[in-house]
Amino acid sequence: MDTDIRAILSAIPRGEEAARLPHQELVQVLDSVVSIALQLARQVEILQEENRTLREQVRVLTEQVKTLQEQNYALLRRLNTNSGNSGIPSSKDLPWYTDNQGNAGTQTGDGGSSPATMGGTENNENDTESGTSREKAPKDSRDNPKTPGKKTGARKGHPGARQKFVTPDEELKFFPGPCSCGCQEIENLEPCYKHQYFEIPTILVKVLHIILYRGTCSNCGKVCKGEAPRKFQAGYGPNLSALVQGLITLGLSRRGVLEFLRDKGFVRTSHGEELQISHGGLNQILGRVSSALKPHYEKIGESARTVPINHVDETGWRMFGPAGKIMVWLWVMVSCLVTFFMIHTNRSKEGFLELVRNWSGILTSDDYAVYSSWPAELRQSCLAHLSRAAKKLSQDPVAEIAKGGLRLYRELCRLTKIDREALTEGEWRALMMRVKGLINLFKKRDDCLGTLARRLEKDGVSLYTFLRIAGVEPTNNTAERALRAIVVKRKSAFGSISEAGFRWLERSFSFKQTCRQQEWPYFEMLRRCISNHLQGLPQDLSMYGPVVQVAQQMRKELGFENSVQATSSSELPKTA
């Protein structure tokens, strides 16, 4: 149709030629022009409709591209989530993940890692902000199975551990044999080398056959029965009970403990017979241990609520019963002196208040809403959680978010590693200005970078409590390490089936962790505790007296006898 219109238009006379045309021909020419105009108008309408259709298709495709791009970013963020940049445990990391790969970070000069942004990197050969030089990460961890830049074993300067000689039961002396020349006489004999050889003999279980007699009174004819002493009324003694309790709290499953005790190669009677113990007998042992530990558990809770500085965290635990699987929460309260566990049905303020009760002091925790209600001047927000969140942003697929996340990550790492004693007023104010500047720069954004900036702004003075008050740690790693044993236990036990199981768990691990902190002999104290319980004697709690005294002295030094006067966040921290 375009060709026909061009032909008609080229045939239309113009200028003097049009003036010489007769009227009839001129009318025909005008009719052709009108026809062409109508055709062009219809073609314009068609093109406009096609344009509207194409614009709508472009709009729809643009929205689809935006949606797919957001999904792609979400998947990339999820793929890049690991224990180094989030709160997930290291057991959920991919098998080939290391913290020094390209998707998780690049090596720094000190053997650590700094985040590598997926969306863009700063082309600085020498990173002046962090003071470290970057190296390229390995392309594939399978090509470099060991973490590059890090050596196995203890750090440089770590004191070595040498085996100390203990008092031997006997000595074995070995003399040189005939000389290679054939001479049989060796003179000037003297010791040249010695080491000790350790061996555990087969565990022989002592079996006492308890026989109770009965008889008839010769005077009144009443039947009288013998009664065993209380310590023999239970089927298993304190040593065996302590062994069972210790093996289970150290991570062995109940079935594994039964297999160990029933194996005659390890444990047997003096007559070569295997130990007779069942699942029910094992549960009875643990029930008696739980009852024996109750006074210790209460004393540990009292001590924990006396210490002025505590780390608090929580993790999930399950209860299996007729109602199915029920989720409960295991709370932990850790200080430099004791560790206190408590199971509660709620992960709310009710559970938190049941844990701390009337305690007042410095709380170190993550940013869970329940903890945020604690006075900001008396709370230390965990900088490790915030650093991991910033590290994850530094690996974001969006270049702008990655660059901002990297800046926050560097400042948070610098804040975490500050030496409180060597900090000067100038360094303190410069750090405050940098952190506040980044917060003000990013807090109005509506993406994940803005969310983190607003989170830091909300924490405010809680970010610097460890600089203002001596003895406060910048992270909540102490509580997370205390929960680690429970998390490992949860993977094998899956949970509890009764309230008695809850009580055993919180009492057993509170006692075990406290013994470890105080360097008390765990098995010896456990054995004495069970022995006193089996004999009906009161528990010896005298060892907690010095712990409470130290806690009270700490409260006095920090001014917690009446109240704590918090300093302004802009003031230079002073040594308490």
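If you're wondering where the values come from, they're calculated on a predicted model, not measured in any experiment.

J.: Can you lay out the overall build of the chain for me, pointing to particular residues and giving the numbers?
T.: When its secondary structure is counted, the chain shows 17 helices and 13 strands. The 576 residues of the chain split such that 37% are buried. Across the chain, the fraction of contacts at a sequence separation of at least 24, relative to all contacts at a separation of at least 6, is 67%. Within the structure as shown, the chain displays about 35,700 Å² of accessible surface, and the carbon and sulfur contribution to it stands at 53%.

J.: Summarise the side chain of T269; cite the residues concerned and give the values.
T.: Assignment of secondary structure puts T269 in strand β8 (residues 267-269). In this structure T269 touches L204, V205, V207 and E274, once residues within four positions along its chain are discounted.

J.: Describe a negative patch on the surface, with residues and values.
T.: A cluster of acidic residues, E259, D263, E273 and E274, forms a negative patch on the protein surface. If you trace the backbone, E273 turns up in the loop between β8 and α6 (279-304). Given the relative accessible area of 51%, E273 is considered exposed.

J.: Go over the packing of aromatic side chains, please, and point to the residues and values.
T.: Aromatic ring pairs are described here by two measures, namely the spacing of the ring centres and the angle between the planes. Taken as a whole, this structure holds 13 aromatic pairs when the rule is applied. Ring centres of F260 and F266 lie 5.4 Å apart, and the angle between their planes is 35 degrees; on these two criteria the pair is classed as tilted. Ring centres of Y522 and F523 lie 5.3 Å apart, and the angle between their planes is 65 degrees; this geometry places the pair in the edge-to-face category. Residue Y522 is classed as buried on the basis of its relative accessible area, which comes to 12%.

J.: Talk me through the packing of α6 against helix α15 (residues 499-518); I want residue IDs and the actual numbers.
T.: Where α6 contacts α15, the axes come no closer than 8 Å and their chain directions differ by 60 degrees. One way to sum up the angle between α6 and α15 is to call them oblique. As α6 packs across α15, the resulting crossing turns out to be left-handed. Between α6 and α15, the residues in contact are L286, S290, S291, L293, K294, H296, Y297 and I300 and R503, W504, E506, R507, S508, S510, F511 and T514, respectively. When its residues are assigned to classes, the contact of α6 with α15 shows 6 nonpolar, 6 polar and 4 charged.

J.: Would you mind going over the confidence of the model for the chain in detail, with residue names and values included?
T.: Interpretation of this model should avoid reading the predicted coordinates in detail wherever pLDDT is low. Taken as a whole, the chain shows an average pLDDT of 82; of its residues, 83% reach a score of 70 or greater. Across residues 100-146 the pLDDT falls below 50, and counting only partners more than four positions away or on other chains, this stretch makes 98 contacts in the model. Here residues 562-576 is modelled with pLDDT under 50, and outside its nearest four sequence neighbours on either side it reaches 30 contacts, counting other chains as well.

J.: Account for the environment of K392, with residues named and values stated.
T.: By the element assignment, K392 lies in helix α9 (residues 383-394). Classification of K392 as partly exposed rests on a relative accessible area of 30%. Separated by 307 residues in the primary sequence, K392 and N85 have C-alpha atoms spaced 4.9 Å apart. When residues no more than four places from it in sequence are discounted, the contact partners of K392 are R77, T81 and N85.

J.: Please provide a residue-by-residue account of the sheet that holds strand β9 (residues 309-321), values included.
T.: With respect to topology, 5 strands assemble into an open sheet ordered β11-β10-β9-β12-β13, the strand pairing being mixed. Among the strands making up the open sheet, the edge pair consists of β11 (339-344) and β13 (379-381). Put simply, the sheet's adjacent strands are angled 30 degrees from each other on average, direction ignored. Here strand β10 (residues 324-334) pairs with β11 via 6 bridges, running antiparallel. Within β11, the position partnered with W329 by the bridge is H344.

J.: Got a sec to walk through the packing of helix α10 (residues 399-416) against helix α11 (residues 425-442)? Specific residues and values, please.
T.: One way to put it is that α10 packs onto α11 with a least axis distance of 11 Å and a crossing angle of 150 degrees. The angle between α10 and α11 places the two elements in the roughly antiparallel class. Crossing angle aside, the handedness with which α10 passes α11 is left-handed. When α10 is examined against α11, the residues G404, R407, L408, E411, R414 and L415 are found in contact with a partner set consisting of L431, R434, V435, L438, L441 and F442. Grouping the amino acids of the contact of α10 with α11 by side-chain chemistry returns 7 nonpolar, 1 polar and 4 charged.

Cut-offs used in this document
- Residues numbered from 1 in each chain as written.
- Predicted model: local features only at pLDDT ≥ 70, side-chain atom pairs only at ≥ 80, totals over all residues.
- Heavy atoms only, no water.
- Helix = DSSP H or I, 4+ residues; strand = E, 2+ residues; numbered from the N terminus.
- Buried < 20%, exposed > 50% of the residue type's maximum accessible area, 1.4 Å probe, protein only.
- Contact = heavy atoms within 4.5 Å.
- Areas by Shrake-Rupley, 256 points an atom, 1.4 Å probe, with all protein chains shown as cover.
- Patch = residues over 30% accessible without salt bridge, like charges linked within 9 Å, V, L, I, M, F, W, Y side chains within 5 Å.
- Salt bridge = Lys/Arg side-chain N within 4 Å of Asp/Glu carboxyl O.
- Lys, Arg positive; Asp, Glu negative; His and termini not counted.
- Charge placed at Lys NZ, Arg CZ, Asp CG, Glu CD.
- Phe/Tyr/Trp six-rings, centres within 6.5 Å; stacked < 30°, edge-to-face > 60°.
- Axes fitted to C-alpha atoms, helices over the stretch in contact; angles between N-to-C directions.
- Parallel < 35°, antiparallel > 145°, perpendicular 65-115°, else oblique.
- Left-handed = near helix turned anticlockwise from the far one by under 90°.
- Nonpolar A, V, L, I, M, F, W, Y, C, P; charged D, E, K, R; others polar.
- pLDDT = per-residue confidence, 0-100.
- Pairing = 2+ DSSP bridges.

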